[in-house]
Amino acid sequence: MNQAALHKLLAQTTKPKDLDAHFELRLATNLTLLKDLFLAIYPKGIESGAFNDLLTLLPKLYKTRSHTLREQDLSRINSGNWYQSEKIMGMQLYVDHFNKDLNGLQQKLSYFEDLGINLLHLMPITTRPKGENDGGYAVNDYTAIDKRYGTKKDLDGLTTTLRAKKMYLMLDFVVNHTSNEHSWAKKAKAGQKKYQDYYYTYPDRTIPNEFEKSLPEIFPETSPGNYTYVPEMDKWVMTVFNSYQWDLNYTNPQVFMEMLANLVKLVNLGVDIVRFDALAFLWKKMGTDSQNLPEAHTIIALFKMCLQVVAPGTILLAEAIVAPLNIIRYFGEGNKEGNECEVAYNASLMALLWNSMATKKTALLYKTIANIPTKPQDATWINYIRCHDDIGLGLDDRFINEMGWNPQGHRKFLLDYYCQNLAWSPAKGLMFMYNPKNGDGRITGSAASLLGLEKALETNDVALQEQAVDKIIMLHGIILSFGGIPFIYAGDEIGTLNDYSFLKDANKKEDSRWANRPQQDWATIASVKKKKGPQATIFGSLKNMIARRKKTPEFADGNNMVLHHTSNEHILIFERTGATNEGVLVISNFDEHTQVLDGNRIAKLGYLKDQKYHDIIANQSTQLNSGFLALSPYQLLWLKKY
Ligand code: GLC
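Residues take numbers from 1 onward in each chain, read along the sequence in its written order. Totals for whole chains, interfaces and linings use every residue, but because this is a predicted model, local features are given only for residues with pLDDT of at least 70 and side-chain atom pairs only at 80 or more, for both listing and counting. Neither water nor hydrogens contribute to the side-chain values; these are computed over all heavy atoms in the structure.

Asker: Which residues make up the overall build of the protein chain, and what values do they have?
Answerer: Segments assigned H or I by DSSP are reported as helices when at least four residues long, segments assigned E as strands when at least two residues long, and all are numbered from the N terminus. When you go through the protein chain residue by residue, the secondary structure sums to 24 helices and 25 strands. Taken over C-alpha atoms, the radius of gyration comes to 25 Å for the protein chain, in line with the 26 Å a tight globule of 642 residues would show. Each principal axis of the C-alpha distribution contributes one length, and for the protein chain these read about 75 × 60 × 50 Å. Sorting the 642 residues of the protein chain into buried and exposed places 62% on the buried side. Our radius of gyration looks at C-alpha atoms and nothing else; its globule reference is 2.2 Å times the residue count to the power 0.38. Residue burial is assigned from relative accessible area. The probe radius is 1.4 Å, only protein chains are included, and a residue is buried under 20% of its type maximum, exposed over 50%, and partly exposed in between.

Asker: How would you sum up the packing of aromatic side chains? Please name residues and give values.
Answerer: Centres within 6.5 Å make a pair out of two Phe, Tyr or Trp rings, where for Trp the six-membered ring is used; the pair is then stacked when the planes are under 30 degrees apart, edge-to-face when over 60, and tilted otherwise. According to the stated counting rule, one finds 35 aromatic pairs in the structure shown. Centroid distance phenylalanine 482 to phenylalanine 574: 5.3 Å. Interplanar angle 75 degrees. Geometry classified as edge-to-face. You can see phenylalanine 482 sitting in the loop between α21 (462-481) and β17 (485-489) and its partner phenylalanine 574 sitting in strand β19 (residues 571-577), a full 92 residues away along the chain. With relative accessibility at 5%, the residue phenylalanine 482 sits in the buried group. One aromatic cluster in this structure is built from Tyr142, Phe173, Tyr250, Phe256, Phe276 and Phe303. Lying across the ring of tryptophan 522, lysine 108 places its NZ or CZ 3.9 Å from the centre. Here the basic side chain of arginine 205 rests over the ring of tryptophan 236, its NZ or CZ set 4.5 Å away from the ring centre. Put simply, a charge is over a ring when the Lys NZ or the Arg CZ is close to the ring centre, within 6 Å, and near the line of the ring normal, within 35 degrees.

Asker: Residue-level account of the site of the ligand, with values.
Answerer: Any residue with a heavy atom lying within 4 Å of a molecule or strand is counted as near it. Taken together, Asp134, Tyr137, His177, Phe219, Phe241, Gln245, Arg275, Asp277, Glu319, His388, Asp389 and Arg513 make up all the residues around the ligand. One of the side-chain nitrogen or oxygen atoms of aspartate 277 is found 2.9 Å away from an oxygen atom of the ligand. Only the protein chains shown count as cover for residues, and all accessible areas are computed by the Shrake-Rupley method using a 1.4 Å probe. Here the ligand has 310 Å² of accessible area as a free molecule, and 95% of this is covered by the chains. Partitioned by chemical class, the residues of the shell around the ligand number three nonpolar, three polar and six charged. Under the rule applied, a polar contact is a pair of N or O atoms within 3.5 Å (in protein, one hydrogen donor and one hydrogen acceptor; residues adjacent in sequence only if both atoms are side-chain atoms). Any residue outside Ala, Val, Leu, Ile, Met, Phe, Trp, Tyr, Cys, Pro, Asp, Glu, Lys and Arg is labelled polar, Gly included; the first ten of those are nonpolar and the last four are charged.

Asker: Give a detailed account of the pairing of strand β15 (residues 430-435), specifying residues and quantitative values.
Answerer: Strands are labelled as partners when DSSP assigns at least two bridges between them. Here β15 pairs with strand β16 (residues 440-444) via four bridges, running antiparallel. Along β16, the bridge assignment pairs asparagine 435 with aspartate 440. Following β15, the chain reverses through four residues before pairing antiparallel with β16; glycine 439 in that reversal takes a positive phi of roughly 80 degrees.

Asker: Let's hear about the sheet that holds strand β9 (residues 235-238): which residues, and what values?
Answerer: In sheet architecture, strand pairing relies on hydrogen bonds along the backbone and comes in two forms, parallel and antiparallel. The three strands are arranged β7-β9-β8 in an open sheet whose pairing can be described as antiparallel. Of all the strands in the sheet, just β7 (201-202) and β8 (227-230) have a single pairing partner and so form its edges. Where β8 meets β9, four bridges bridge the pair, whose relative direction is antiparallel. By the bridge assignment for β9, valine 230 is matched with lysine 235.

Asker: Please provide a residue-by-residue account of the domain arrangement of the protein chain, values included.
Answerer: Per the annotation, domain bounds derive from an automatic or database assignment of domains. Segmentation of the protein chain into domains returns domain 1 (1-80 + 290-336), domain 2 (183-247) and domain 3 (559-640). For domain 2 and domain 3, the distance between their C-alpha centroids amounts to 54 Å.

Asker: Account for the packing of helix α15 (residues 347-359) against α21, naming residues and giving values.
Answerer: Remark: α15 packs on α21, axes separated minimally by 12 Å, with the N-to-C direction vectors making an angle of 145 degrees. Crossing of α15 against α21: the hand is right-handed. Contact residues: α15 offers Leu353, Trp354 and Met357, while α21 offers Lys471, Met474, Leu475, Ile478 and Ile479. Across the contact of α15 with α21, the residue classes tally to seven nonpolar, no polar and one charged. A fitted line through C-alpha atoms serves as each axis, taken over the contacting stretch for helices, and the angle formed by two N-to-C directions is quoted from 0 to 180°. The crossing is said to be left-handed when, going from far helix to near helix, the turn is anticlockwise and less than a right angle, and right-handed when the turn is clockwise. A contact between two residues is defined here by any heavy atoms of the two lying within 4.5 Å.

Asker: Let's hear about the nonpolar core: which residues, and what values?
Answerer: To form a nonpolar core, buried Ala, Val, Leu, Ile, Met, Phe, Trp, Tyr and Cys residues must be joined to one another through side-chain atoms within 4.5 Å. Residues Phe112, Tyr250, Phe256, Leu260 and Ile587 are the most contacted members of the largest nonpolar core, which totals 212 residues. When residues no more than four places from it in sequence are discounted, the contact partners of phenylalanine 256 are Phe38, Tyr42, Leu54, Tyr250, Ile299, Leu302, Phe303 and Cys306.

Asker: Describe the pattern of salt bridges, listing the residues and the values that go with them.
Answerer: Salt bridge, as used here: a side-chain nitrogen of Lys or Arg that lies within 4 Å of a carboxyl oxygen of Asp or Glu. Considering all chains together, one arrives at 36 salt bridges under this definition. For the salt bridge of aspartate 172 with arginine 275, the shortest nitrogen-to-oxygen distance reads 2.5 Å. With a gap of 103 residues between them, aspartate 172 in strand β5 (residues 168-173) and arginine 275 in strand β11 (residues 273-276) connect regions that are remote in the sequence. Here the two residues aspartate 172 and arginine 275 agree in accessibility, since each one is buried. Here the salt bridges do not stand alone but share partners, grouping Asp134, Asp389, Asp511, Arg513 and Arg517 into one network.

Asker: How would you summarise the side chain of arginine 386 if you had to cite specific residues and measurements?
Answerer: Secondary-structure assignment places arginine 386 in the loop between β14 (380-384) and α17 (397-402). Counting rule for charge: Lys and Arg are taken as positive, Asp and Glu as negative, and neither His nor the chain ends is counted. Buried charge without a salt bridge: arginine 386, with aspartate 492 as the nearest opposite-charge side chain at an N-O distance of 6.2 Å. Among the polar contacts made by the side chain of arginine 386, one reaches the main-chain carbonyl oxygen of aspartate 389 at a distance of 2.9 Å. Separated by 2.8 Å, the side chain of arginine 386 and the backbone oxygen of glycine 445 make a polar contact.

Asker: Can you break down helix α12 (residues 253-267) residue by residue, with the values?
Answerer: A helix is expected to reach a length of 1.5 Å times the quantity of its residues less one. Over its 15 residues, α12 extends 21 Å from the first C-alpha to the last, a length consistent with the 21 Å expected when each residue adds 1.5 Å. With eleven of 15 residues buried, α12 lies mostly within the body of the structure. For α12, the complete set of buried residues consists of Val255, Phe256, Met257, Met259, Leu260, Ala261, Asn262, Leu263, Val264, Leu266 and Val267. Its side-chain oxygen 2.9 Å from the backbone nitrogen of glutamine 254, asparagine 252 forms the N-cap of α12.

Asker: Break down the sheet that holds strand β2 (residues 119-122) for me, citing the residues and quoting the values.
Answerer: Ordered in space as β1-β2-β5-β11-β12-β13-β14-β17, the eight strands form a closed barrel in which the pairing is parallel. Direction aside, neighbouring strands of the sheet carry axes that sit 25 degrees apart on average. As judged from the three bridges shared by β2 and β5, these two strands associate in the parallel manner. Note that in β5 the partner of leucine 119 across the bridge is tyrosine 168.

Asker: Please provide a residue-by-residue account of unusual backbone geometry, values included.
Answerer: A positive phi is found at asparagine 619, a non-glycine position, where the angle reads about 50 degrees. Structurally, asparagine 619 is set in the loop between β22 (612-615) and β23 (620-623). Residue asparagine 619 is classed as partly exposed on the basis of its relative accessible area of 42%.

Asker: I'd love a proper account of the environment of leucine 475, names of residues and values included.
Answerer: Structurally, leucine 475 is set in helix α21. The exposure class of leucine 475 is buried, given its relative accessible area of 1%. Residues leucine 475 and glycine 606, spaced 131 residues apart in sequence, show a C-alpha to C-alpha distance of 25 Å. The contacts of leucine 475, once residues within four sequence positions are left out, are Leu353, Trp354, Met357, Ile385, Leu451 and Phe590.

Written out as structure tokens, the structure reads:
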């Protein structure tokens, strides 16, 4: 049983109004686990007094939580998991690109309501270096709002309104690194040993050179290597991402404690989901790639168990864009099961969908998904197509081999297909961080440009336009029905194309991810209700599917997704099973030609019985007139059993 479930049980036997008693109880019940986790990372934690410091810190942090949020914590403990509901629908956006600032965002809440969005992921809004700052993922101060977005008061206003509207908020916690302008980094540069120990700093290259032997490069084009020389302190510091992002040293318990305090300050702003950024990198060990190490999981569980005591209404999202079998581990295993992150990005599904679009085949998707172990009952996915980052080809080589393809050759094909190296491909994507040393590369670009809309509009090719629109709708329909929280990347709801303006900005031009961080196009949004066209079709279809999702209880995530195989290599079928013989069949065609499915095969699953079914997306009852089901290119169906 995970600790959240235990607290739910205990909450029923404790006086409902006595919030402090509930806190005490949570602390008492988590104590043993907290101690085990803490000592696993800091074996000297008892003698050094560090564990005692943690125990003193927790009540102090709890005292800083507002009464409203404490009450909300308790009511969330007592209710079902809100994040698994079919009624949750997310959107990710840059506040300044969306509508200027936090107040501007608040003025647009009716836009979200109209579309059906009730969970917002705002990209980093904390202070950051003036020049390059990785879109705010280089943090100067975890608790200071950058003034371009507004003030703390503006954020308070926004969270209060969101709560009143029963909307949810997700913010990032950049847990792995600070910027080189954070006060700790500044003190380290000034020679303060205490703060040099907050990072991995070295007097020479001896240890860095050893580490480099097994460390991959995250940004090989712009920030090769994993260490940066800092002349002010005449030392090398570990910088796995960009040279201005200093990795925090979690072997130092003081770092954990300070970051925990920062985390609580963040959640006390009224944040419902904390996106744990780059959490796979939290622990480094010589001779390994320093990703997904067991100690990283222990640190995450430790954060989670502390949060479970202080602010149990908040949940954690794992931003682990790693191999499929590694992602699922962030839900916790063994004594950590259900005690790490409640939510993880379904980066595997995302990459596999792009793979299926390029190859027009679904077998790799089937093989991979079928091999991912069932996640814990209280965990869920974020299903998405695009986000602000690149598309990494996190596909499992074993399965690529089983397909009869050569993994390296196959990845090269995908890069060529999406990054304009094949004349016949409709995609207009850009290459990100190509590493000539090993041929690795990633893909960027907006969903619409990657799916052919940009090229189709340029060439005035109406058929290609329609095809691109169908692809965009189909992929969104899959993430809306797969099981988990669907997230739309702002702009994709109107088929926004690549934005090439980053090429003119010296601080952005080396980072092609900016092609997919466009300004929200309000003029087009205003026109979609009046004019026909690809944007209007995409917007209307997505809005319709969101509304239908919310009326389909089978789409709530109860680990109720079953893959069904067909003999047709272009088709994907999965079922969202429901209570007592009910369910919804999701069928999609990844091919550019009509594909036919044998009606008997589907009838065997209990659908199309008596040749009648409910087509949820079209909201109509349809009669099947022949013994087969024909799916037009890129068609998606949600079929409900009668
Ligand atoms: C995450 C973010 C990405 C950022 C990186 C380093 O992966 O999504 O945008 O560059 O972390 O913070």
